[in-house]
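# Structure assessment
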Amino acid sequence: MTASAPITQDVLTLPRKEPEGGKINLVGLTRDRMRAVLIENGTPEKQAKMRVGQIWQWIYQWGVRDFAEMTNLAKAYRAQLEETFEIRIPEVVSKQVSTDGTRKYLVRINGGHEVEVVYIPEDDRGTLCISSQVGCTLTCSFCHTGTQKLVRNLTPAEIIGQVMMARDDLEEWPTPGAPKDETRLLSNIVLMGMGEPLYNFDNVRDAMKIAMDPEGISLSRRRITLSTSGVVPEIARTAEEIGCLLAISFHATTNEVRDVLVPINRRWNIDELLQALADYPKVSNSERITFEYVMLDGVNDSDEDAHRLLDHIKRHNIPAKINLIPFNEWPGAPYKRSSNNRIRAFANIIYQAGYASPIRKTRGDDIMAACGQLKSATERARKSRKQIEAEAGVNNS
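Residues numbered from 1 in each chain as written. Predicted model: local features only at pLDDT ≥ 70, side-chain atom pairs only at ≥ 80, totals over all residues. Heavy atoms only, no water.

Under the annotation held in UniProt, the protein carries the name Dual-specificity RNA methyltransferase RlmN and is attributed to Ruegeria sp.. Comment text from UniProt for the protein, heading Subcellular location, reads "Cytoplasm". (UniProt positions renumbered as here; feature names shortened; annotations may be inferred.)

Looking now at the UniProt feature "binding site: [4Fe-4S] cluster" in the protein. Sites flagged by UniProt as "binding site: [4Fe-4S] cluster" map to Cys136, Cys140 and Cys143. Within the fold, Cys136 resides in the loop between β7 (133-134) and β8 (152-153). Using a relative accessible area of 9% as the deciding quantity, one classes Cys136 as buried. (Helix = DSSP H or I, 4+ residues; strand = E, 2+ residues; numbered from the N terminus. Buried < 20%, exposed > 50% of the residue type's maximum accessible area, 1.4 Å probe, protein only.)

Here we come to the sheet that holds strand β10 (residues 224-228). Strand order in the open sheet formed by 9 strands is β3-β4-β5-β6-β9-β10-β11-β12-β13, with mixed pairing between adjacent strands. At either margin of the open sheet sits one strand with a lone partner, and together these are β3 (91-97) and β13 (320-326). Neighbour to neighbour, the strand axes of the sheet diverge by 20° on average, direction disregarded. Sheet topology note: the β3/strand β4 (residues 103-108) ladder contains 6 bridges and is antiparallel. (Pairing = 2+ DSSP bridges. Axes fitted to C-alpha atoms, helices over the stretch in contact; angles between N-to-C directions.)

The element strand β11 (residues 245-249) is extensively covered by neighbouring structure, given that 5 of its 5 residues are classed as buried. Both faces of β11 are covered, namely the face carrying Leu245, Ala247 and Ser249 and the face carrying Leu246 and Ile248. As judged from the 4 bridges shared by β10 and β11, these two strands associate in the parallel manner. Among the inter-strand pairings, Thr225 is bridged to a residue of β11, identified as Leu245. Note that the unit made of β10, helix α6 (residues 232-241) and β11 has a crossover that is right-handed. Relative to strand β12 (residues 289-295), β11 runs parallel, the two being bridged by 3 bridges. Residue pairing in the sheet places Ala247 in a bridge with Thr290 of β12. (Right-handed = clockwise from strand over helix to strand, strands pointing away.)

What follows covers the packing of aromatic side chains. For the coordinates displayed, the defined rule picks out 4 aromatic pairs. Aromatic side chains Phe327 and Tyr335 sit 6.5 Å apart centroid to centroid with 85° between the ring planes, which places their arrangement in the edge-to-face category. Pair check on accessibility: Phe327 and Tyr335 agree, each one buried. Above the ring of Trp173, the side-chain terminus of Arg167 is found at 4.6 Å from the ring centroid. (Phe/Tyr/Trp six-rings, centres within 6.5 Å; stacked < 30°, edge-to-face > 60°. Lys NZ or Arg CZ within 6 Å of the ring centre and 35° of its normal.)

Glancing now at helix α2 (residues 45-61). The terminal C-alpha atoms of α2 lie 24 Å apart, and with 17 residues this matches the ideal 24 Å at 1.5 Å per residue to within 8%. By the largest-angle criterion, Arg51 marks the main kink of α2, which is about 30°. For α2, the set of buried residues is Ala48, Arg51, Val52, Gly53, Gln54, Ile55, Trp56, Trp58, Ile59 and Tyr60. Of the surrounding elements, those touching the buried residues of α2 are α1 (31-40), α3 (75-84), α4 (156-170) and α5 (201-212). Just beyond α2, the residue with positive phi is Gly63, at close to 75°. (Expected span 1.5 Å × (residues − 1). Bend = angle between axes of the 7 residues up to and from the residue. Contact = heavy atoms within 4.5 Å.)

A word on the side chain of His316. For His316, the location among the structural elements is in the loop between α9 (303-315) and β13. Residue classification places His316 among the buried positions, given a relative accessible area of 14%. In this structure, His316 is in contact with Asp271, Leu274, Gln275 and Ala278, ignoring residues within four places of it in sequence.

Now for the packing of α4 against α5. Following both chains from N to C, one finds α4 and α5 inclined at 40°, their axes separated by 8 Å at the closest point. By the angle between their directions, the pair α4 and α5 is classed as oblique. Seen from above, α4 lies across α5 with right-handed handedness. Contacts between α4 and α5 involve Pro156, Ile159 and Ile160 on the former and, on the latter, Asn203, Val204, Asp206, Ala207, Met208, Ile210 and Ala211. (Parallel < 35°, antiparallel > 145°, perpendicular 65-115°, else oblique. Left-handed = near helix turned anticlockwise from the far one by under 90°.)

Our next topic: the UniProt feature "binding site: S-adenosyl-L-methionine" in the protein. The feature "binding site: S-adenosyl-L-methionine", as annotated in UniProt, sits at Gly195, Glu196, Ser227, Ser249, Phe250, His251 and Asn328 in this numbering. Relative to the helices and strands, Ser249 resides in strand β11. Apart from residues lying up to four places away in sequence, Ser249 is in contact with Ser227, Thr228, Ser229, Arg258, Val262 and Glu292. Considering the arrangement of structural elements, one finds Phe250 in the loop between β11 and α7 (255-261).

As a further point, take α6. Of the positions making up α6, those classed as buried are Val232, Glu234, Ile235, Thr238 and Ala239. What you see down the axis of α6 is that its buried residues fit within an arc of 150°, all on one side. Elements that come into contact with the buried residues of α6 comprise α5, β10, β11 and α8 (270-284). (Arc of directions from axis to C-beta.)

Here we come to the side chain of Ser338. Counting through the fold element by element, Ser338 comes out in the loop between β13 and α10 (340-352). Polar side-chain contacts of Ser338 include one of 3.3 Å to the backbone nitrogen of Leu296. When sequence neighbours within four positions are dropped, the list of residues in contact with Ser338 reads Met295, Leu296, Asp297, Asp301 and Ile343. (Polar contact = N/O pair within 3.5 Å; in protein donor to acceptor, adjacent residues only side chain to side chain.)

Another point: the confidence of the model for the protein. With 82% of its residues at a pLDDT of 70 or more, the protein has an overall mean of 86. A low-confidence stretch, residues 369-374 stays under pLDDT 50, and its non-local contacts, those more than four residues away or across chains, total 33 contacts. Scored below 50 in pLDDT, residues 377-397 shows 30 contacts in the model against residues more than four places distant or in partner chains. (pLDDT = per-residue confidence, 0-100.)

Structure follows, in structure tokens:
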């Protein structure tokens, strides 16, 4: 194996621009920022904190988008808000539903860009996989999402807006005054969609603070998992400023192999990454760190790899569980999925050593919603199979 891909794509990331003269979107603003914009636009300073609390609950607890429905605000104030502000979330372009109940949404954000969002229903939870970038800056060689070039980072409004959009579709906003229902269709968030969340840290942090706010969507930090390929300097910040659970896209047990599968390893190698992970629970009092490990036939799936993985975790004393992911093949993919017998043998070595080693059930692969398959429909439609294969470095001639 040779490491030929760049660590990250060398592309120009264009900043997002709001249309001039448009209304101010209240979605995605922190409480402090919402207070400031209300004051700037006529709300008396002495009332601003109270108004933020009221508007916050209407937006994030009840899912209301129309100021006229905010009945604990005076009519004149509601009209004033309507003139200056809006409550806008990403627009659903299409929705596909898998035979297993998985839902994949294509949503349009500012500038006409599109990202994909996936909802996975399970017996004891409902997980929403959300995106943090348009495309992805990383060049992981096994990941279909990574073949779409990075366009820009998502804003806090576009990130938390994905959660609000899914709650709309699931019809899960509670009714004011109705008995409280603790059952949640959308109970967990994973930042495992398009993009590397830690290359968009500030916006991801602000969006997740909104998701965790107890007077709104009110998800526990233990219900949010951020998945990173290993942006080491930002891992400690994640513990301190977000405090959510952490998953690491590990995928290889030697630097030689990980340099190819996850090229960011050439910037921060396995030992540097493991040390950052070892320090993480001490800061956030987190539960186990999840090691995501995609099973690639003949590449990273040997018994020796399983034992090396255990040695890494034990040497750094990391509380861990290992999610084994059968590779989800895509047109032109340069790898093959490990056999079921090989995956089970690998899992058994991990399990016998005392670590949880669930084999992830592939969900939504009939609608290209499975792990590593996300890529916007418009991007796919522009490309032939030969183009995709060429980008992946596959020669089938």
